[in-house]
Structures are given as C-alpha cells and as structure tokens.
Amino acid sequence: MKPLIPIKRYPALVLFAAALMLLALIPAAYAQDEPVGILTISITNDGLVPSVQNPVGGLYTVVVRNDSSNPRGIVMRGIDLCCAPYTRLVKLISPGEQVTFRWFFPSNRSVEIRDLVRCEPAARTCSPWVPGGMMTRVNFL
C-alpha cells in the first residue's frame, strides 16, 4: 500500500504534521487558564489602593471594591501584550459593592488606574464617561 503523502517528496509537510500531533499531546496544565493571583483595587474617599504595586505579569482575577461614600468605578489604561493601547471601564458601583473579572496584564508594562465618577450605560460599555481626580499606577514585572 502506498502512503497518502510520499515522505521523500514532502519532508517539510511530514515534519509539520508531526509537530501538530505533538502539540496536541501537550497537557492543558501548561496553558494559562488559572490566574496568577488576585489584584484588588479599593476605591476609597482618599484614593485608589491596589493590593500590590509591582506584581509579575499574567492573568489576574481583578476585584474592584468601592470603599468610598459615593458610587464610583474605575478606568484602566495600558498597553496590551503586542503593542496596542486599551481602555477597560468598570461601571459605577455603589458603596460597599464589588465587581470581579479576569484580565491579562503583560510583563514589563504599567497600568494607569483612575476613578470613574460618571458613566452612562451603553451597549457593553459606558458613554460618555468622566474620570475623577484620583489616579494610581501598577507596574507589572
């Protein structure tokens, strides 16, 4: 019986197929499905307080907690893994409430976090939104 693809004629194709089969055998444990840690951002009357200042880059569970006396949210701005700027809004939450989500923070990048004092709900975002006067920066190693 003749092979479907002659090995001597297409060695690169055979190597590529073998590499794909090996990749399929890599366990899912090597994929980063689990967060590296938890980053808590507390909104207080005096400022924004991140739980860590210089964490390692990676996938995080982000908890935004409003410990202030007014409804507030946050605006996160940074550069993604490649090189594109991003803006992530967390809508206004009432005092005492919190919001949790997962976010990937690349290594060797910093994220600017500002408070959000106005945010009109729009399809999956807020528009217009108004940042407040509080700001902090988290540097990822």
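Conventions used here
Residues numbered from 1 in each chain as written. Predicted model: local features only at pLDDT ≥ 70, side-chain atom pairs only at ≥ 80, totals over all residues. Heavy atoms only, no water. Phe/Tyr/Trp six-rings, centres within 6.5 Å; stacked < 30°, edge-to-face > 60°. Lys NZ or Arg CZ within 6 Å of the ring centre and 35° of its normal. Pairing = 2+ DSSP bridges. Helix = DSSP H or I, 4+ residues; strand = E, 2+ residues; numbered from the N terminus. Axes fitted to C-alpha atoms, helices over the stretch in contact; angles between N-to-C directions. Disulfide = S-S within 2.5 Å. Buried < 20%, exposed > 50% of the residue type's maximum accessible area, 1.4 Å probe, protein only. Core = buried A, V, L, I, M, F, W, Y, C linked by side-chain atoms within 4.5 Å. Contact = heavy atoms within 4.5 Å. Patch = residues over 30% accessible without salt bridge, like charges linked within 9 Å, V, L, I, M, F, W, Y side chains within 5 Å. Areas by Shrake-Rupley, 256 points an atom, 1.4 Å probe, with all protein chains shown as cover. Salt bridge = Lys/Arg side-chain N within 4 Å of Asp/Glu carboxyl O.

## Details of the packing of aromatic side chains
Counted by the stated rule, this structure contains five aromatic pairs. Ring pairs connect the aromatic residues Tyr60, Phe105 and Phe140, which therefore count as one cluster. The lysine or arginine in question, Arg88, covers the ring of Phe101, its NZ or CZ lying 3.9 Å from the ring centre.

## Notes on the sheet that holds strand 5 (residues 85–93)
Across the sheet, which stays open at both edges, the four strands sit in the order 5-4-7-8 with antiparallel pairing between neighbours. Across the chains shown, the open sheet's two edge strands, defined by having one partner strand only, are strand 5 and strand 8 (125–140). Sheet twist, expressed as the mean angle between neighbouring strand axes with direction ignored, is 25°. Pairing between strand 4 (residues 72–79) and strand 7 (residues 109–122): five bridges, direction antiparallel. Residue pairing in the sheet places Arg77 in a bridge with Glu112 of strand 7.

## Some thoughts on the state of the cysteines
The full count for this structure, using the stated rule, is one disulfide. Here Cys119 engages in a disulfide with Cys126; their sulfurs sit 1.7 Å apart. Where Cys119 bonds to Cys126 through sulfur, the torsion about that S-S bond is close to 90°, and the disulfide is right-handed. Judged on exposure class, the residue Cys119 and its partner Cys126 are both buried.

## A closer look at the nonpolar core
If you look at the biggest cluster of nonpolar residues, it comprises 19 residues, and the most contacted ones within it are Val64, Ile74, Met76, Phe105 and Ile113. Only strand 1 (37–43), strand 3 (58–66), strand 4, strand 5, strand 6 (98–105), strand 7 and strand 8 provide two or more residues apiece to this core. When neighbours within four sequence positions are excluded, Val64 is seen to be in contact with Ile41, Ile43, Ile74, Val90, Ile93, Glu97, Gln98, Val99 and Phe101. In terms of nonpolar packing, the next biggest core, distinct from the first, is built from five residues, Val75, Leu116, Cys119 and Cys126 among them.

## Overview of the sheet that holds strand 3
Taken together, the four strands give an open sheet; going across it, the order is 2-1-3-6, and neighbouring strands pair in mixed fashion. Of all the strands in the sheet, just strand 2 (48–50) and strand 6 have a single pairing partner and so form its edges. Put simply, the sheet's adjacent strands are angled 20° from each other on average, direction ignored.

## Notes on a nonpolar patch on the surface
Taken together, Val36, Val56 and Leu141 make up a surface patch of nonpolar side chains, about 260 Å² in accessible area. As for its placement among the helices and strands, Leu141 is situated in the segment after strand 8. The exposed category is assigned to Leu141, whose relative accessible area is 54%.

## Thoughts on the pattern of salt bridges
Side chains bearing opposite charge may pair, as long as their charged atoms lie close to each other. As enumerated under the stated definition, the model contains four salt bridges in all. Close ionic contact of Arg65 with Asp67 constitutes a salt bridge, the shortest N to O distance being 3.1 Å. A relative accessible area of 31% means that Arg65 is categorised as partly exposed. Of the charged contacts in the structure, one is a salt bridge between Arg118 and Glu120, with a shortest N-O distance of 3.5 Å.

Limitation: the analysis is restricted to geometry and does not speak to function.
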